[in-house]
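Overview (structure and organization)
Residue-level listing of the chains:
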Amino acid sequence: MEKNIDEAAQYVASLKVCAREKDLSTGSILHHKISKSGLLGKNLFLGSALVNMFVKCGELKKAQHVFDEFVDKNVVLWNSLLSGYALHGHNKEALACFEQMQRVSCLPNTVTYICILKACSSMRDLKKGQKIHSQIVNEGFLEKDTLMYSVLMDMYSKCKALDEVQELFNKIPVQSTDSWTALICAYVQCQCYEEALSSFEQMQQGGFSPNIATLTSIFKACGLLGCLEKGIEIHLHLVRIQWLEESIVASNALIDMYAKCGALSKAEEVFVKLPAPNLITWTELIAGCVNYGYGYDALIYSERLQLCGFSPDSVTYACILKACGNTEALERGKRIHARLVKDHALEEDPIIASSLINMYANCGALKNAQGVFGKLTTLDVVTWNVLIKGYVENGHHDLSFSCFKQMKEKGPLPNGTTVVCLLESCGVTGDLDKAEEVYAQVIRQNLLENDLLVGNSVVNVYVQCGDLQRAQEVFLALPAWNIISWNVLIAGYAEHGYSKISLYYYEQMKLAGFSPNTITIACTLKACGNILALDNGENIHAQVAKQVCIQSDDDMVINALVDMYARCGAHKRALQLHYQKPFQDATPWNAMISGCILHGQEEEAFNYFEQMQVQGYTPDEITFACILKACGSRGSVFKGQEIHSQVIQKGVSKLSMVVGTALVVMYSKCGMLMESQYLFDRLPIQDVVSWTALMTGYAAMGKDDTVLKIFDDMLLDGIHPNPVTFTAVLQVCRRRGLVQTAEYYFEIMRTSYQLDPDLEHYICMVDLYSASGHLDKAIALVRKVSDPTLCHTLLDACKKQGAAKIGSWSFQQM
DNA sequence: GTAGGGTTAG
């Protein structure tokens, strides 16, 4: 008997080694020997060790087989098997085991509960977890082992029941590193990163030092929050206590933190010091490069990892393919595709398939993207979304909607991402009907409920299509708002010329308890500038200083402030900001210059243009465009030519649209039609502004036939005229007495181009009618519009013709 | 002498 015990103890020791090293072959030999020795089925110590060895080697069937050999089982043997099922994610089997052992009256102990809770966690089965929790409490196991608290907290956090986690934490009689760690991990699990960091502070204040798991979670929180400073601080502490090398997991978390914060050189520093980076390490680096726009570096890493003997898995492939797409490395992408086909990876993994489609779409190779899509046997919603996004980004809006149609007919059902993509497409095309169709689907599937992005996208699409009424309706009906929802609406009103309404919603937003962010401030200041509301703008400036989440020296805020002050004519206030913190580039100077132009102070504009260059700022395209505008308004030909040669000196070999158009306008205003026409012919694209500038210029020279000819050419070119274009045309008609032609243009302006005539157009028509003897028509228009200026026009015409009665009528109208 | 958790990449 004595000998047997010795022998069994030796076997147990050897099996332990096999389990740790996952050495199945030695383990199997031992299994064989033990069977022959007759010890199997009798010695429970040996049985547990054997079951455990097979479990650790992933041989669950063999573990079950050994387990079955025992007639009398104790709790340790049950636990050995149960832990195996839980470890390998066979949660149903683990649960069955748990119930079975209780049926045969084997009482669970702490270890049993820990294992079964793990199964509940990975099944995210809150109900089952709660049931076991109360069983643990009833049987008094909570006090037996504080580990129980941590495990329960983990279960609840996996089931997203954060309240229960906090409640448990508060009940722990004596806190420890482990309990704090469980809390911090739970916060990270539930994406409450700020809470995780503040708990970490408290933990350290309480005198507990973090372990590997704490640090791993904290790094994750820092990375996802973008808290680089905090991350560096902890890293430095780790370096001091020389702790990091112990764990590849913690090192990977650290590298990922740096990569997520965009500190790629820091990530690389940690990486090169690692004794044994794994595939995850490499993948983190690749992902970091891809996400921060260093696609080529990502591809270099992807080659290096393969040279080091690693094969990419599906996550790595997703990153590499993204890098190919970002760098438009189509040929490399195709080679990877070929390899994936050879390895049958596409059927196995939907992520790889979607990444491949995405890569082709990003390279503009839609045929290839369709090819991959067409060969897939199972299409999930992600695959469809990737294809739809590809269509939208490549301008095939019709195709994206035919996908939408197919999804609605045959499934899978669209999700939030699908509709956001489609709404983006509507925003680009301005197709309100399609936007309505998508919105209807959003309502049908109740997609607004859990995803603010969807609601914000709907509001945004109506704003982009210019239907602010509808945007407001949808906004008011949203189940919840965030700061972005408000910004979309505030920006929308400001951009479409409803600045007062924009400012009204800014006030409403504050009343609703939201704090403005940088974007809000920029939009609101824009609105103030639009309506020259200096007081309002100053109030907002004062609020910026008080707002915690806004850096008052943020360039975006400063530029918006300068723009507002300059538009309102408060140049001194604008310039003060420059003396507080020097402008970062030409942008705020441009705002100063265009502010002057807006107020007819061209000399001032030239001054600032001078001043910025003296101070070492380089004018950009916008600066030149603004200053050329000033030249045009003043008719400063020489100054204009000087700027023109400065533009040429800057080495702008091809005329850019912005500067080119500004030059066309400037020369046209200065009456130099030859120059204007010459530059017009050399523009990369002739848009409505340059066409109109040319027409206005010729009209000013009295070249009426040329104006009408140019107008026809422009329409033939498919360019939509704007109100200024029609002003030029109608002025020519007035001068030439072309009543019918004018009536025709006045008509198509509304019917064909959806442009409401403004005062200028009415003045032309009234003047033309009264000068050509159509006083009845002139009166009809004056009645319809009832504007004092228009009455004046009629009065003047009557004076000239001595039509006293109508003259006095229009005088009364005034 | 046998059984046990929390952590990482898209």
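Note that the structure is a prediction, hence the values are computed from the model and not measured.

1. Quick notes on the packing of aromatic side chains
Counted under the stated rule, the structure contains 27 aromatic pairs. An angle of 65 degrees between the planes, with centres 5.0 Å apart, marks the rings of W481 and W486 as edge-to-face. W486 sits in the buried class, given a relative accessible area of 3%. Taking the centre distance of 5.2 Å and the plane angle of 75 degrees together, the rings of Y504 and Y505 count as edge-to-face. Judged by its relative accessible area of 46%, Y504 is partly exposed. Connected via pairs of aromatic rings, a cluster forms that spans F475, W481, W486, Y493, Y498, Y504, Y505 and F514. Over the ring of F606 we find K639; its NZ or CZ atom is 5.0 Å from the centre of that ring.

2. Description of the UniProt feature "repeat: PPR" (unreviewed entry) in chain A
Those residues carrying the UniProt feature "repeat: PPR" (unreviewed entry) are residues 74-108, 176-210, 380-414, 482-516, 585-619 and 687-721 in this numbering. Between the first and last C-alpha atoms of residues 176-210 the distance is 10 Å; the span itself is 74% helix and 0% strand. Summarising residues 482-516: 74% helix, 0% strand, and an end-to-end C-alpha distance of 11 Å.

3. Brief notes about the protein's contact with DNA strand B
As a matter of local geometry, DNA strand B sits amid 43 residues, with K16, F45, D145, Q189 and I351 nearest to it. One nitrogen or oxygen atom from the side chain of N109 is found 2.9 Å from a base nitrogen belonging to DNA strand B. Q189 places a side-chain nitrogen or oxygen 2.6 Å from a phosphate oxygen of DNA strand B. Its residues placed into classes, the surface near DNA strand B shows 16 nonpolar, 15 polar and 12 charged.

4. Focus: the layout of surface pockets
Of the voids in this model, the largest pocket is the one considered here, and its volume is about 460 Å³. Taken together, 20 residues make up the lining of the largest pocket; nearest its centre are K629, V665, K669, V689 and A693. Every element with two or more residues in the lining of the largest pocket is listed here: α39 (621-634), α41 (657-669) and α43 (688-700).

Cut-off values and rules
- Residues numbered from 1 in each chain as written.
- Chains lettered and ligands numbered in written order.
- Predicted model: local features only at pLDDT ≥ 70, side-chain atom pairs only at ≥ 80, totals over all residues.
- Heavy atoms only, no water.
- Phe/Tyr/Trp six-rings, centres within 6.5 Å; stacked < 30°, edge-to-face > 60°.
- Buried < 20%, exposed > 50% of the residue type's maximum accessible area, 1.4 Å probe, protein only.
- Lys NZ or Arg CZ within 6 Å of the ring centre and 35° of its normal.
- UniProt positions renumbered as here; feature names shortened; annotations may be inferred.
- Helix = DSSP H or I, 4+ residues; strand = E, 2+ residues; numbered from the N terminus.
- Near = heavy atom within 4 Å.
- Polar contact = N/O pair within 3.5 Å; in protein donor to acceptor, adjacent residues only side chain to side chain.
- Nonpolar A, V, L, I, M, F, W, Y, C, P; charged D, E, K, R; others polar.
- 1 Å grid on protein atoms, 1.4 Å probe; cavity = no way out; pocket = protein on both sides within 12 Å on 5 of 7 lines; lining within 4 Å.
- Points joined across faces, edges and corners; volume = space filled by probe spheres on them.

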